[in-house]
Amino acid sequence: MSNEESTGDVAARVRTFYESLPFNQHDSAKDAARSIRAHDLESSYPDLHELLASGRISSVLEIGCGAGWLAATIAHHYGEQHGVDVAAIDFCARALSRARIVAEELRVGDRISFVQSDLFEYERDEPVDLVISLGVLHHTRDCEAAFRHVQRFARDHVYIGLYHAPGRLPFLEMFRAILESEGEDSAFERYRQLDGIHAGDSTLVRSWFRDQVLHPHETQHTLREVHAWLESCELQLDSTSINRFAKIQDLDEVFALEDAFAERSRQSNLVEGRYFPGFFTLLASRPQAQRAR
Ligand SMILES: C[S@@+](CC[C@H](N)C(=O)[O-])C[C@H]1O[C@@H](n2cnc3c(N)ncnc32)[C@H](O)[C@@H]1O
């Protein structure tokens, strides 16, 4: 198979997968809007919350917005109050259609422009203050190339969420074993028990289960690996979920922490029955933006 064929194949398979059910889709747009009204980003992504509430961000580009919870959350909680507008792209038409309805439900449609595009084909004239992409780049044919492509649109800051290699593998191995020995229904039941957060909404929990357990293509990464990508793009690491967003004094200490994630994940998922899917985030900035923080 030529490179071009295999490249197209990943994108086509991933897109078809999400056209069947977008990720993070609630039973109804009203339910999604209710959940968005109830939560800003402070508890789940405190570093992103602080940046968006700082008054220094007026333009955000979200890559791979899916059913739109983050674009709508930013527009609802930070739009009018902090003057933030959002451009959001995704290649899945069904996800964008729901995202537009959710934005209208929250009356923030005028703060968000949704565009259907493959991220590798997306271009824009003006940079934005902040590029965000959560849970997307690891579903492409080349995560590093995807990162390099999208970080160019950021004048100042980049916020990325990716699957974590050591943290993710025990979770994947556990579900592969259940799928092989007992089948998909048992795997879904196990997933519902583990993931208490999304279990109350039948569409939402199904969309999470498919995404976490049945996905046709994903890769996993480490902060150590992504840090090298940041350096070569002249970006500096500000914060990461790996050390729970604490100030970074010694990078080697943070890398040592992530090495321990395999055992933490095994203990959580297999021993304690606590959900640990293996995902990490990082905020990085261009040097002039970091100096201004
Ligand atoms: C796991 S979902 C994450 C959605 C959203 N970021 C969230 O956190 O709810 C991945 C999203 O990335 C989109 N996606 C994957 N590959 C893409 C590509 N090459 N170009 C554009 N969108 C892509 C999918 O359509 C899907 O909506």
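As shown above, the structure is provided for reference.
In this text, all values refer to a predicted model and were calculated from it rather than measured experimentally. (Residues numbered from 1 in each chain as written. Predicted model: local features only at pLDDT ≥ 70, side-chain atom pairs only at ≥ 80, totals over all residues. Heavy atoms only, no water.)

Novice: Honestly, the sheet that holds strand 3 (residues 112-116) in this entry has me stumped. Any pointers?
Specialist: Strand pairing in a sheet relies on backbone hydrogen bonds. The paired strands run either parallel or antiparallel. Sheet architecture is open: seven strands sit in the order 3-2-1-4-5-7-6, paired in mixed fashion. Looking at which strands have only one partner, the edges of the open sheet turn out to be strand 3 and strand 6 (236-240). Across the sheet, the mean angle separating the axes of adjacent strands is 20° when strand polarity is ignored. Against the sheet, helix 5 (residues 93-105) engages strand 2 (85-90) and strand 3, with an angle of about 170° to strand 3. (Pairing = 2+ DSSP bridges. Helix = DSSP H or I, 4+ residues; strand = E, 2+ residues; numbered from the N terminus. Axes fitted to C-alpha atoms, helices over the stretch in contact; angles between N-to-C directions. Contact = heavy atoms within 4.5 Å.)

Novice: Would you take a moment to explain the packing of aromatic side chains for this structure?
Specialist: Aromatic ring pairs are described here by two measures, namely the spacing of the ring centres and the angle between the planes. Scanning all chains against the criterion turns up 14 aromatic pairs. Seen from their ring centres, Y45 and Y159 are 6.2 Å apart, and the 90° between their planes marks the pair as edge-to-face. Separated by 114 residues along the polypeptide, Y45 in the loop between helix 2 (29-38) and helix 3 (46-52) and Y159 in strand 5 (residues 154-163) bring together distant segments of the chain. Exposure remark for Y45: the relative accessible area of 14% places this residue in the buried category. Residues Y163 and F279 carry aromatic rings whose centres are separated by 6.3 Å and whose planes lie at 80° to one another, so their mutual orientation is edge-to-face. With Y163 in strand 5 and F279 in strand 7 (residues 279-285), this pair connects stretches of sequence that are 116 residues apart. Of the residues examined, Y163 reaches a relative accessible area of 2% and is grouped as buried. An aromatic cluster is built from F171, F175, F188, Y191, F209 and Y275, whose rings are joined through pairwise contacts. One Lys or Arg, R15, reaches over the ring of F91 and ends 6.0 Å from the middle of that ring. The aromatic ring of F188 is capped on one face by R206, whose charged end is 3.8 Å from the ring centroid. (Phe/Tyr/Trp six-rings, centres within 6.5 Å; stacked < 30°, edge-to-face > 60°. Buried < 20%, exposed > 50% of the residue type's maximum accessible area, 1.4 Å probe, protein only. Lys NZ or Arg CZ within 6 Å of the ring centre and 35° of its normal.)

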